[in-house]
Amino acid sequence: MFGAAQVFFFVLAIGAFITVTIKTGALDAGIARLTHRYRTRANVLIIVLMLVFSLGGTTYGMAEETLGFYALIVPIFVALGYDRLLGAVVILVGAGTGTMASTVNPFATGVASDGAGIALGDGIGLRILMYIVLTATSIVFVLRYANKIKKDPSKRLVPLTAEDEALSMESEEPPEMSGQQRLVIWIFMLTFVLMIYSVIPWSDFFPAMERVTWGWYFPELAALFLVAAIIIGLVGRLGEEGMVNSIIAGMGDFIGAAFIIAFARGVTVIMNNSGITDTVLHALEGLVTGLSGALFAVMMFVVNIPLAFLVPSSSGHATLAMPIMAPLGDFAGVSRAIVVTAYQSASGWVNLFTPTSAIVMGGLAIAKVRYDRYLKWVWPLLIVLFVLTCLLLALGTAVPALGG
């Protein structure tokens, strides 16, 4: 619980924020207008949203921050006639694939590059190529599922609840939103824009922007959502009692997801404190010595997979692995940038499905999607991403200008 306390209260604050917004009626009205507008262009909506989340993932490792979007986006896809799984994977796979192909992510690429003694930009050519290939593959995979269940609803992996069916049956054009509802929606969207802006380390990319880099983390983000909930309650004229009751109810709705995140983090704590992680890292070190360049790069990817499972934190994984793994590249004649790229790819790949990840378990809990149903959907995509990553890493060793 100690290690997950910040994320725990962040999720509760999101629950309060979402519920207060729902109580004003603005969110339901906005979703109704949006679903009516995109009722015949759902594929466009899927592509745009996945690109947005993947860009967040590749630039700053958008992960726990996505938890606030599930309660907003999942109902949109249900209203469009899809299931909760589709809404969840648009967020989870979109951001996860972007993180897997991190280009300038300071929490993965940045920490690992520093541990390897190289610049953040080393190997960025290969990472950009990986981002394009892996993101396009994921989008096609999600679109394939969306079109399949749209054509044949019986193939949904997550059955609709009575509430979902009522939402998906609303086909008439909804009424225009009032000025008060529009203002609430603008405050709602601005809160998410501020969240994204506040966590991006702008000064790492542009040193001149040091003064406008906020460097917020989960305590500040929790405060942001709580303050925004109060502002929305005032604008929506919920009154003192209505606002307080909505905040308490919202936290209650999300406390299950918050506890799942805490328990998932607990696995990592046990692994680290009992020395299991260090033992595994030492044992895997001997598997990658004396290999050819391409095989070494692939083996670095494979070796980092169990480490990523034991240490879901990308920065924690980098801190543990890079001081040992990066020098091995020198002996194999492979650039340290390839070692960094292999590590971050493994970390991102595992965090698309591992049950020790707060992002996976928390997101699915908020979306009300069972973990086994998600695994059934995602495992073919994982295999494809695994193969493509191995090929791209091998290509990076064959083309030094690309791999760095």
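Worth saying up front: this structure is predicted, and the values here are computed from it rather than measured.

Peer 1: If you had to explain the overall build of the protein chain to someone new, which residues and values would you point to?
Peer 2: Secondary structure summary: the protein chain contains 19 helices and zero strands in total. With 404 residues in all, the protein chain has 53% of them scored as buried. Taking the contacts inside the protein chain whose residues are at least 6 apart along the sequence as the reference set, 80% of them involve residues at least 24 apart. In the structure as shown, the protein chain presents an accessible area of about 17,200 Å², 67% of it carried by carbon and sulfur atoms.

Peer 1: Report on a nonpolar patch on the surface, specifying residues and quantitative values.
Peer 2: On the surface, Met-1, Ile-255, Phe-259 and Phe-263 cluster together to form a nonpolar patch covering roughly 410 Å² of accessible area. Within the fold, Ile-255 resides in helix α12 (residues 239-273).

Peer 1: Explain helix α14 (residues 293-310) residue by residue, including any values.
Peer 2: Across its 18 residues, α14 extends 26 Å between first and last C-alpha, which sits within 8% of the 26 Å expected from 1.5 Å per residue. Roughly 25° is the biggest bend found in α14, and it falls at Asn-304, with proline Pro-306 one to four residues downstream. Considered for burial, the residues of α14 that qualify are Phe-296, Ala-297, Val-298, Met-300, Phe-301, Val-303, Asn-304, Ile-305, Leu-307, Ala-308 and Leu-310.

Peer 1: Got a sec to walk through the pattern of salt bridges? Specific residues and values, please.
Peer 2: Counted according to the given criterion, the structure contains one salt bridge. Asp-372 is the partner of Arg-370 in a salt bridge, and the nearest nitrogen-oxygen pair spans 2.6 Å. Exposure remark for Arg-370: the relative accessible area of 48% places this residue in the partly exposed category.

Peer 1: Can you break down the packing of aromatic side chains residue by residue, with the values?
Peer 2: As enumerated under the stated definition, the model contains eleven aromatic pairs in all. Taking the centre distance of 5.8 Å and the plane angle of 65° together, the rings of Phe-10 and Phe-225 count as edge-to-face. In this pair, Phe-10 sits in helix α1 (residues 5-23) while Phe-225 sits in helix α11 (residues 218-235), placing the two residues 215 residues apart along the sequence. Relative accessible area serves as the criterion here: at 0%, Phe-225 is assigned to the buried category. Centroid distance Phe-17 to Phe-225: 5.0 Å. Interplanar angle 70°. Geometry classified as edge-to-face. In this pair, Phe-17 is assigned in helix α1 and Phe-225 in helix α11, connecting sequence segments 208 residues apart. Each member of the pair, Phe-17 as well as Phe-225, carries the same accessibility label: buried. Through pairs of rings, three or more aromatic residues link up here, namely Phe-10, Phe-17, Phe-188 and Phe-225. A cation over a ring is seen here: Lys-150 above Tyr-82, with NZ or CZ 5.0 Å from the ring centre.

Peer 1: Can you lay out the packing of α14 against helix α18 (residues 371-398) for me, pointing to particular residues and giving the numbers?
Peer 2: Running from N to C, α14 and α18 point in directions that differ by 140°, and their axes come no closer than 8 Å. By the criterion of interaxial angle, the relationship of α14 to α18 is oblique. The crossing of α14 and α18 is right-handed. Here α14 contributes Gly-293, Ala-294, Ala-297, Val-298, Phe-301, Val-302 and Ile-305 to the contact with α18, which in turn contributes Phe-386, Thr-389, Cys-390, Leu-393, Ala-394 and Thr-397.

Peer 1: Describe the nonpolar core, listing the residues and the values that go with them.
Peer 2: Core analysis: the biggest nonpolar cluster contains 125 residues, and Phe-77, Leu-86, Tyr-374 and Trp-377 have the highest contact counts within it. Ignoring anything within four residues of it in the chain, the contact list for Leu-86 reads Ile-46, Phe-77, Val-142, Tyr-145 and Ala-146.

Peer 1: I'd like a rundown of the environment of Ile-46, residues and numbers included.
Peer 2: Along the chain, Ile-46 turns up in helix α3 (residues 42-60). Judged by relative accessible area, which is 0%, Ile-46 ranks as buried. Taking the C-alpha atoms as reference, Ile-46 lies 9.0 Å from Ala-146; in sequence the two are 100 residues apart. Setting aside anything within four residues of it in sequence, one finds Ile-46 in contact with Phe-77, Leu-86, Val-90, Val-142, Leu-143 and Ala-146.

Peer 1: Residue-level account of a positive patch on the surface, with values.
Peer 2: A contiguous patch of positive charge on the surface is contributed by Arg-144, Lys-148, Lys-151, Lys-155 and Lys-376. The topology assignment puts Lys-155 in the loop between α7 (124-151) and α8 (162-168). Note on Lys-155: relative accessible area 44%, which makes it partly exposed.

Peer 1: Would you mind going over unusual backbone geometry in detail, with residue names and values included?
Peer 2: Even without a glycine there, the phi angle at Arg-237 is positive, about 55°. By the element assignment, Arg-237 lies in the loop between α11 and α12. Classification of Arg-237 by relative accessible area gives exposed; the value is 71%. Phi angles above zero are rare outside glycine, and Lys-368 is one such case at about 60°.

Peer 1: Give a detailed account of the side chain of Asp-83, specifying residues and quantitative values.
Peer 2: Relative to the helices and strands, Asp-83 resides in the loop between α4 (70-79) and α5 (84-100). No salt bridge is formed by the buried Asp-83; the nearest opposite charge belongs to Arg-156, separated by 5.4 Å. Only 3.1 Å separates the side chain of Asp-83 from the backbone nitrogen of Leu-86, close enough to count as a polar contact. Those residues within four positions of Asp-83 in sequence are excluded, and the remaining contacts are Phe-77, Val-78, Tyr-145, Ile-149, Arg-156, Leu-157, Val-158 and Leu-160.

Peer 1: Just give me the short version of α11, but keep the residues and values in it.
Peer 2: Taking 1.5 Å as the rise per residue, α11 with 18 residues should run 26 Å; its terminal C-alpha atoms sit 25 Å apart, in good agreement. Of the residues trailing α11, Arg-237 is marked for its positive phi of about 55°.

About the thresholds
- Residues numbered from 1 in each chain as written.
- Predicted model: local features only at pLDDT ≥ 70, side-chain atom pairs only at ≥ 80, totals over all residues.
- Heavy atoms only, no water.
- Helix = DSSP H or I, 4+ residues; strand = E, 2+ residues; numbered from the N terminus.
- Buried < 20%, exposed > 50% of the residue type's maximum accessible area, 1.4 Å probe, protein only.
- Contact = heavy atoms within 4.5 Å.
- Areas by Shrake-Rupley, 256 points an atom, 1.4 Å probe, with all protein chains shown as cover.
- Patch = residues over 30% accessible without salt bridge, like charges linked within 9 Å, V, L, I, M, F, W, Y side chains within 5 Å.
- Salt bridge = Lys/Arg side-chain N within 4 Å of Asp/Glu carboxyl O.
- Expected span 1.5 Å × (residues − 1).
- Bend = angle between axes of the 7 residues up to and from the residue.
- Phe/Tyr/Trp six-rings, centres within 6.5 Å; stacked < 30°, edge-to-face > 60°.
- Lys NZ or Arg CZ within 6 Å of the ring centre and 35° of its normal.
- Axes fitted to C-alpha atoms, helices over the stretch in contact; angles between N-to-C directions.
- Parallel < 35°, antiparallel > 145°, perpendicular 65-115°, else oblique.
- Left-handed = near helix turned anticlockwise from the far one by under 90°.
- Core = buried A, V, L, I, M, F, W, Y, C linked by side-chain atoms within 4.5 Å.
- Lys, Arg positive; Asp, Glu negative; His and termini not counted.
- Charge placed at Lys NZ, Arg CZ, Asp CG, Glu CD.
- Polar contact = N/O pair within 3.5 Å; in protein donor to acceptor, adjacent residues only side chain to side chain.

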